[in-house]
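Per-entry structural report
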Amino acid sequence: MKEFFSKLLNGMSIGIVVSLIPNALLGEILKLLIPHFPALQHLFDITVFVMSLLPVMIGVMVGVSFKLTPIQTASVGIAAMVGSGVIQKTADGIFALNGIGIVINTGITAALTVIFVQFIGDRLKAYSILLMPTLGILVPGMIGYLILPFVKNSTGLLGVAVSNVTTLQPVLMGAIIAIIFCLIILSPISTVGVATVIMLSGIGSGAANLGIVAAGVGFAFASYKANSLGTALAHVLGSPKIQMRNFFMKPKIAFPMLITAAILGALAGMLNIQGTPYSAGFGLSGLVGPLNYINLAEGGWTSKNVTIMLSTFFILPIVLNLGLIYLFARKLKMIKAEDYKLYFE
């Protein structure tokens, strides 16, 4: 069971990062350039479209992780798309892609499909190419589709809990929300989804952003010895979800990041660092978090606001994470570089 869970999370992590990185790298830059170069709107639209293909990518990468055959892998991708909720039919009968779907349900559907295709094995023989994709939709795909409303409602309960936290004193609220979002970004739950459902804004959004920054920067530094520099940067430029498998196998590897998140979140309450419901789940990805803080801060690009932005989104996450990683690795000997190793082969 542990090996199954490990392979599932590894495939999901890769699928998520591959789908989200193009928009994370180009999205905010393109938004700045589109008013001057309108033709770039098409490129931006493509990166958004690619994000909506996340369920298919999760299914395919899960299939690859389990070393399934090409037909079985494709079937997992199709079934995951069916169970994700990303496809919606409008009143006019038009099928539309809506966001990235419910990631948890995508993972559940992918897992059910893997079990299903492994159970079928080679029983279909020459008819596999005809029957496997269809059966994948009819059985695990439809199970995922039917449980989607219940999983979606369960995710909504987390949003309600976060919403209740926003009623607390700003410094305490900031610390708690930062910790929560630092944990959510390491899970199959969508940080953007939680933030937009409850319309998290103001200091709560700023703290959420800093929690994700703490995770991205921390895992980048903690993992660079075990992985390549490019992979380390993917934690910041893409998403810390790339460490989802390692976190679930060894939760203690996130201790330095969680402490950093608490400190940064408290600073969000002290320094009135704000954000919007649509920026809360991004962190440093596409520079969404820091740019939104500057845009919402009184006075805009003043030297004071720029100093606060550079300190809280860049300098302190680096300093705090490096110090805490050293403490937990060298002094307490609770973590080591190999704990953060990623397997893409």
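Rules used throughout
Residues numbered from 1 in each chain as written. Predicted model: local features only at pLDDT ≥ 70, side-chain atom pairs only at ≥ 80, totals over all residues. Heavy atoms only, no water. Helix = DSSP H or I, 4+ residues; strand = E, 2+ residues; numbered from the N terminus. Rg over C-alpha atoms; globule rule 2.2 N^0.38 Å. Buried < 20%, exposed > 50% of the residue type's maximum accessible area, 1.4 Å probe, protein only. Areas by Shrake-Rupley, 256 points an atom, 1.4 Å probe, with all protein chains shown as cover. Lys, Arg positive; Asp, Glu negative; His and termini not counted. Charge placed at Lys NZ, Arg CZ, Asp CG, Glu CD. Expected span 1.5 Å × (residues − 1). Contact = heavy atoms within 4.5 Å. Salt bridge = Lys/Arg side-chain N within 4 Å of Asp/Glu carboxyl O. Phe/Tyr/Trp six-rings, centres within 6.5 Å; stacked < 30°, edge-to-face > 60°. Lys NZ or Arg CZ within 6 Å of the ring centre and 35° of its normal. Polar contact = N/O pair within 3.5 Å; in protein donor to acceptor, adjacent residues only side chain to side chain. Core = buried A, V, L, I, M, F, W, Y, C linked by side-chain atoms within 4.5 Å.

1. Side note on the overall build of the protein
Helix and strand counts for the protein stand at 14 helices and two strands. For 345 residues, the compact-globule formula gives about 20 Å, and the C-alpha radius of gyration of the protein, at 21 Å, lands near that figure. Taking the principal axes of the C-alpha coordinates as reference, the protein spans close to 70 × 55 × 40 Å. In the protein, which comprises 345 residues, the share counted as buried stands at 50%. For the protein, the exposed area adds up to about 16,000 Å²; of that, 72% sits on carbon and sulfur atoms. For the protein, the distance from the average site of its 19 positive side-chain charges to the average site of its 9 negative ones is 11 Å.

2. Looking at helix α4 (residues 70-84)
Think of an α-helix as turning once every 3.6 residues; residues three or four places apart then point the same way. Helix length check: α4, at 15 residues, gives a terminal C-alpha distance of 21 Å against a target of 21 Å (1.5 Å per residue), a fit within 8%. Three or more residues of α4 are buried, namely Gln72, Thr73, Ser75, Val76, Gly77, Ala79, Ala80, Met81, Gly83 and Ser84. Considering only its buried residues, α4 is in contact with α2 (41-52), α3 (54-65), β1 (87-89), β2 (95-97), α5 (103-120) and α6 (128-165). Positive phi shows up at Gly85, right after α4, with a value of about 80 degrees.

3. Considerations on the pattern of salt bridges
Counted according to the given criterion, the structure contains three salt bridges. Among the salt bridges present, the one from Lys7 reaches Glu3, with a minimum N-O distance of 3.3 Å. In this pair, Lys7 and Glu3 both sit in helix α1 (residues 2-33), four residues apart, roughly one turn of the helix. Residue Glu3 is classed as exposed on the basis of its relative accessible area, which comes to 55%.

4. Considering the packing of aromatic side chains
The final tally for this structure, using the stated rule, is five aromatic pairs. Summarising the aromatic geometry, the rings of Phe247 and Phe248 are spaced 5.6 Å apart at their centres and angled 70 degrees between planes, so their arrangement reads as edge-to-face. Judged by its relative accessible area of 33%, Phe248 is partly exposed. Here the aromatic cluster, defined as three or more aromatic residues joined through ring pairs, consists of Phe5, Phe247 and Phe248. Across the ring face of Phe119, the terminal group of Arg123 is positioned such that the distance to the ring centre comes to 5.0 Å.

5. Things to note about unusual backbone geometry
With phi around 50 degrees, Lys125 is a residue other than glycine that occupies positive phi space. Residue Lys125 is classed as exposed on the basis of its relative accessible area, which comes to 64%.

6. Examining the environment of Ser13
Among the secondary structure elements, Ser13 is positioned in helix α1. Each C-alpha atom of the pair Ser13 and Pro240 lies 9.0 Å from the other, and the pair is 227 residues apart in sequence. Beyond its immediate chain neighbours, meaning those up to four positions away, Ser13 contacts Lys241, Ile242, Met244 and Arg245. In this structure the side chain of Ser13 is engaged in a polar contact, spanning 3.2 Å, whose partner is the backbone oxygen of Lys241.

7. A few points about the environment of Lys333
With respect to the secondary-structure elements, Lys333 resides in the segment after α14 (303-331). Along the backbone, Lys333 and Ile58 are 275 residues apart, and their C-alpha atoms lie at a distance of 34 Å. The residues contacting Lys333, other than those within four sequence positions of it, are Leu327 and Phe328. For Lys333, the side chain forms a polar contact with the main-chain oxygen of Arg330, separated by 3.4 Å.

8. Examining the side chain of Asn23
Within the fold, Asn23 resides in helix α1. Beyond its immediate stretch of four places on either side in the chain, Asn23 contacts Phe44, Thr47, Val48 and Met51.

9. Here's the deal with the nonpolar core
In this structure, Ile177, Phe181, Phe219, Tyr293 and Phe313 are the most contacted members of the largest nonpolar core, which totals 50 residues. Contributing elements (two or more residues each) for this core: α6, α7 (170-184), α8 (191-197), α9 (202-223), α12 (255-271), α13 (288-296) and α14. Discounting chain neighbours no more than four positions away, the residues touching Ile177 are Val165, Thr166, Leu200, Gly204, Ala207 and Ala208. Grouped together as the second largest cluster of nonpolar side chains are 24 residues, Leu54, Phe66, Phe116 and Met132 included.

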